Amino acid sequence: MERPRRLRSPLLRRLVAEVDLSPRHLILPLFVKEGGEPEEVASMPGVFRHPLSRLPQVGEAALEAGLGGVILFGVLPEEAKDPWGQGAYAEEGVVQRAIRLLKEAFPELLVLADTCLCEYTDHGHCGVVRQGPLGFYVDNDATLDLLAKTALSQAQAGADVVAPSAMMDGQVRAIRQALDQGGFPHVPILSYAVKYASAFYGPFREAAASAPQFGDRSGYQMDPRAGLWDALREARLDDLEGADLLMVKPALPYLDVLHALRERFAKPLFAYQVSGEYAMLKAAALRGWLEERRAVLESLYALRRAGAQGILTYYALEAARWLKEG
């Protein structure tokens, strides 16, 4: 009879394992603010809004852990926001300053910059808002110019990778043209190519103070009920427009999409284990309902098995420590 258990002995399990996970596969999202003290995010225990002054400590910890890199999100007070999200592309914007600080201190640390406007607009949407006969809408083409300015300012500050997440049609092409014409043809684009209008973003919006002040983002983020055709079309367009890396967000609810992209695109594929996924795992662990270490690593192995070469996760530092402990 067939006995699969023969290959599960302590001496053979590691030899026949195909899915590997190491700290280099993990990217740590960081929320950055101008000053003050670190602030823990209530819905994400263990995750903080970091003042610029504390970034060197976090960067050093990321390097020592062997992480693949960090990705930066800016946090602004409400009075500093405006309808056009000018803080996103300001030369002395909080993310631009954070990039320069990290790259000067740790040139060997990979620094990615999220390229969007929602953290910087007073309405909380990812682009320029207009009023139409059916109510508000986000003006896609007017937003492209601002996203391109944001990406260029991030590259000028020293970002190794820019990561557009606004889900505007044509954003990758606009950013690629701006980078090439601005003297940064070497800076790659990690596109949030497949990004759903998900219920799992709630804690992030608290952390980044980026919740929409009216309506929602279903007019530009993808419908979870849509078929695979929608994901493939979005990824194909970003691929053709010049994206160097493609990402699926959220991660675990869309393993089928992640695997489908892996089968069809010859580019590195990333997944974002989003704030709601982190919050669920953390809350269950704090209540003693899950063994946190095993549950988190199991979820990360699932993403690797489905095809993710890189994983953005708030668990990056903890997972790296667990992996090193064996």
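Residues numbered from 1 in each chain as written. Predicted model: local features only at pLDDT ≥ 70, side-chain atom pairs only at ≥ 80, totals over all residues. Heavy atoms only, no water.

Peer 1: Even after reading the chapter, I still don't get unusual backbone geometry, so can you show me in this structure?
Peer 2: Excluding glycine, most residues fall at negative phi; most peptide bonds, likewise, are trans. K249 connects to P250 through a cis peptide bond whose omega is -5°. Despite not being glycine, M167 has its phi angle at roughly 60°, a positive value. Of note in the backbone geometry, A209 takes a positive phi value of approximately 50° without being a glycine. In this fold, A209 is placed in the loop between α6 (202-208) and α7 (228-241). (Helix = DSSP H or I, 4+ residues; strand = E, 2+ residues; numbered from the N terminus.)

Peer 1: Looking at this structure, I do not really get a nonpolar patch on the surface. What am I missing?
Peer 2: Judged by side-chain polarity, L7, L15 and V16 come together as a nonpolar surface patch covering roughly 300 Å² of accessible area. Tracing the backbone through its elements, the reader meets L15 in helix α1 (residues 13-16). (Patch = residues over 30% accessible without salt bridge, like charges linked within 9 Å, V, L, I, M, F, W, Y side chains within 5 Å. Areas by Shrake-Rupley, 256 points an atom, 1.4 Å probe, with all protein chains shown as cover. Salt bridge = Lys/Arg side-chain N within 4 Å of Asp/Glu carboxyl O.)

Peer 1: How should the side chain of Q96 be read in this particular structure?
Peer 2: Of note, Q96 is situated in helix α3 (residues 94-105). Using a relative accessible area of 1% as the deciding quantity, one classes Q96 as buried. At a separation of 2.8 Å, a polar atom in the side chain of Q96 contacts the side chain of S153. (Buried < 20%, exposed > 50% of the residue type's maximum accessible area, 1.4 Å probe, protein only. Polar contact = N/O pair within 3.5 Å; in protein donor to acceptor, adjacent residues only side chain to side chain.)

Peer 1: Help me out: how do you make sense of the pattern of salt bridges in this one?
Peer 2: Two side chains with opposite charge may pair up if their charged atoms get near one another. Under the counting rule described, the total for this entry stands at 20 salt bridges. In this structure, the salt-bridge partner of R49 is E39, at a minimum N-O distance of 3.4 Å. Here E39 lies in strand β2 (residues 39-40) and R49 lies in strand β3 (residues 48-51), a separation of ten residues in the sequence. Judged by relative accessible area, R49 falls into the buried class, the value being 14%. A relative accessible area of 35% means that E39 is categorised as partly exposed. Across the salt bridge formed by D139 and R130, the nearest N and O atoms sit 3.0 Å from each other. Classification of R130 by relative accessible area gives partly exposed; the value is 36%. Linked through salt bridges whose partners overlap, the residues forming this network are D20, R24 and R304.

Peer 1: Where do I start with the packing of aromatic side chains in this structure?
Peer 2: Between two aromatic rings, the relevant description is the distance of the centres plus the angle of the planes. Using the criterion set out here, one finds eleven aromatic pairs in the structure. Judged by centre distance (6.4 Å) and plane angle (50°), the ring pair of Y192 and Y272 falls under tilted. Placement of Y192 in strand β9 (residues 190-195) and of Y272 in strand β11 (residues 269-273) is noted, with a sequence separation of 80 residues between them. Of the two residues, Y192 and Y272, both sit in the buried class. Centre to centre, the rings of Y278 and Y314 are 5.9 Å apart; their planes meet at 65°, and the pair counts as edge-to-face. In this pair, Y278 sits in helix α9 (residues 275-286) while Y314 sits in the loop between β12 (310-313) and α11 (316-325), placing the two residues 36 residues apart along the sequence. Across the pair, Y314 and Y278 agree in class, each one buried. Pairwise contacts between aromatic rings join F31, F73, Y192, F204, Y272, Y278, Y314, Y315 and W322 into one cluster. For the cation-ring pair, R54 lies above F48, with the distance from its terminal atom to the ring centre recorded as 5.6 Å. (Phe/Tyr/Trp six-rings, centres within 6.5 Å; stacked < 30°, edge-to-face > 60°. Lys NZ or Arg CZ within 6 Å of the ring centre and 35° of its normal.)

Peer 1: Explanation requested: α7 in the structure shown.
Peer 2: Helical periodicity: at 3.6 residues per turn, an α-helix aligns residues three or four positions apart in one direction. Between the first and last C-alpha of α7 there are 20 Å, a value that for 14 residues agrees with the 20 Å anticipated at 1.5 Å per step. Listed in full, the buried residues belonging to α7 are D230, A231, E234, A235, D238 and E241. One face of α7 carries all of its buried residues, which in axial projection span an arc of 130°. Set apart from the buried face of α7 by more than 90 degrees, the exposed residues are W229 and L240. Buried residues in α7 make contact with α5 (171-181), β9, β10 (245-249) and α8 (255-264). Positive backbone phi, approximately 115°, marks G242, located one or two places after α7. (Expected span 1.5 Å × (residues − 1). Arc of directions from axis to C-beta. Contact = heavy atoms within 4.5 Å.)

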